[in-house]
Amino acid sequence: MIVDGVATSIPHDYRPGADEPFMNPRQLAYFRRKLIEWKESILREASMTLQTLKAEPLREPDVNDRASSETDWGIELRTRDRQRKVISKIDAALRRIETGDYGYCEVTGEPISLQRLEARPIATMTLEAQERHERDEKITRDE
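Residues numbered from 1 in each chain as written. Predicted model: local features only at pLDDT ≥ 70, side-chain atom pairs only at ≥ 80, totals over all residues. Heavy atoms only, no water.

1. Points about the overall build of the protein
Counting its secondary structure elements, the protein contains 4 helices and 2 strands. What you see in the protein, going N to C, is helices and strands ordered as β-β-α-α-α-α. The buried share among the 143 residues of the protein stands at 30%. Counting only contacts in the protein whose residues sit at least 6 apart along the sequence, the fraction spanning at least 24 positions is 53%. Carbon and sulfur atoms form 52% of the exposed surface of the protein, whose accessible area is close to 9600 Å². (Helix = DSSP H or I, 4+ residues; strand = E, 2+ residues; numbered from the N terminus. Buried < 20%, exposed > 50% of the residue type's maximum accessible area, 1.4 Å probe, protein only. Contact = heavy atoms within 4.5 Å. Areas by Shrake-Rupley, 256 points an atom, 1.4 Å probe, with all protein chains shown as cover.)

2. Re a negative patch on the surface
Taken together, the side chains of Glu-110, Glu-128, Glu-131 and Glu-134 define an acidic patch exposed on the protein surface. Following the sequence through the fold, Glu-110 ends up in the loop between helix H2 (63–99) and helix H3 (114–119). (Patch = residues over 30% accessible without salt bridge, like charges linked within 9 Å, V, L, I, M, F, W, Y side chains within 5 Å. Salt bridge = Lys/Arg side-chain N within 4 Å of Asp/Glu carboxyl O. Lys, Arg positive; Asp, Glu negative; His and termini not counted. Charge placed at Lys NZ, Arg CZ, Asp CG, Glu CD.)

3. Considerations on unusual backbone geometry
What is expected of a backbone is that most residues other than glycine have negative phi and most peptide bonds are trans. If you check the backbone angles, Met-23 has positive phi at about 55° while not being a glycine. By the element assignment, Met-23 lies in the loop between strand S2 (6–7) and helix H1 (25–55).

4. Observations regarding the side chain of Arg-116
Within the secondary structure, Arg-116 sits in helix H3. No salt bridge forms around the buried Arg-116; measuring N to O, its nearest opposite-charge neighbour Glu-134 is 6.5 Å away. Ignoring any residue separated from it by four or fewer positions in sequence, one finds Arg-116 in contact with Ala-123, Met-125, Thr-126, Leu-127 and Gln-130.

5. Let's talk about the nonpolar core
Judged by nonpolar contacts, the single largest core of 24 residues is most densely connected at Met-23, Phe-31, Leu-35, Ile-90, Ile-97, Tyr-102 and Leu-117. Those elements that provide at least two residues to this core are H1, H2 and H3. (Core = buried A, V, L, I, M, F, W, Y, C linked by side-chain atoms within 4.5 Å.)

6. A short note on the packing of aromatic side chains
Scanning the entire structure with this criterion turns up 4 aromatic pairs. Note on Phe-22 and Tyr-104: the rings are 5.2 Å apart at their centroids and 85° apart in plane angle, and the pair reads as edge-to-face. With Phe-22 in the loop between S2 and H1 and Tyr-104 in the loop between H2 and H3, the pair connects residues that are 82 residues apart, well separated along the chain. What makes Phe-22 partly exposed here is its relative accessible area of 26%. Given the relative accessible area of 31%, Tyr-104 is considered partly exposed. Geometrically, the ring pair formed by Phe-31 and Tyr-102 is tilted, given 5.5 Å between the ring centres and 45° between the ring planes. Here Phe-31 is found in helix H1, whereas its partner Tyr-102 is found in the loop between H2 and H3, with 71 residues between them in sequence. Of the two residues examined, Phe-31 and Tyr-102, each falls in the buried class. Through successive ring pairs, a cluster of aromatic residues spans Tyr-14, Tyr-30, Phe-31 and Tyr-102. (Phe/Tyr/Trp six-rings, centres within 6.5 Å; stacked < 30°, edge-to-face > 60°.)

7. Regarding the environment of Arg-33
As for its position among the elements, Arg-33 is in helix H1. In sequence terms Arg-33 and His-12 are 21 residues apart; their C-alpha atoms lie 9.6 Å from each other. Polar side-chain contacts of Arg-33 include one of 3.5 Å to the backbone oxygen of Pro-11. (Polar contact = N/O pair within 3.5 Å; in protein donor to acceptor, adjacent residues only side chain to side chain.)

In structure tokens form, the structure reads like this:
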């Protein structure tokens, strides 16, 4: 894998650690791979949903069964819509890797913890900045 012009091969069991330089080529390659695999997984699920929708039209004769199926499909489609939004965030994170901004808070410029990035690789803020943002957003909504 090439990150910042450097060929980087990482073992599949590699996990970024605090004992290495933050966002070094290995870490960037790790998160890039993680983001790409996540995106591919979402796209596979969306494709399967679309194939199922095409293959299994709603034909339940019972009104209650049909309503239940329509509710299930509505939930499935809302899930796919949320995942479509996640894909755009994944693409933005991949662009940040390419520009060298990945892993740094867009508000403070501080490094985002590896634990946070591991749990949410599309994170754009440190946990503290995110909490502050959410508090400010709540105050604005309550006014």
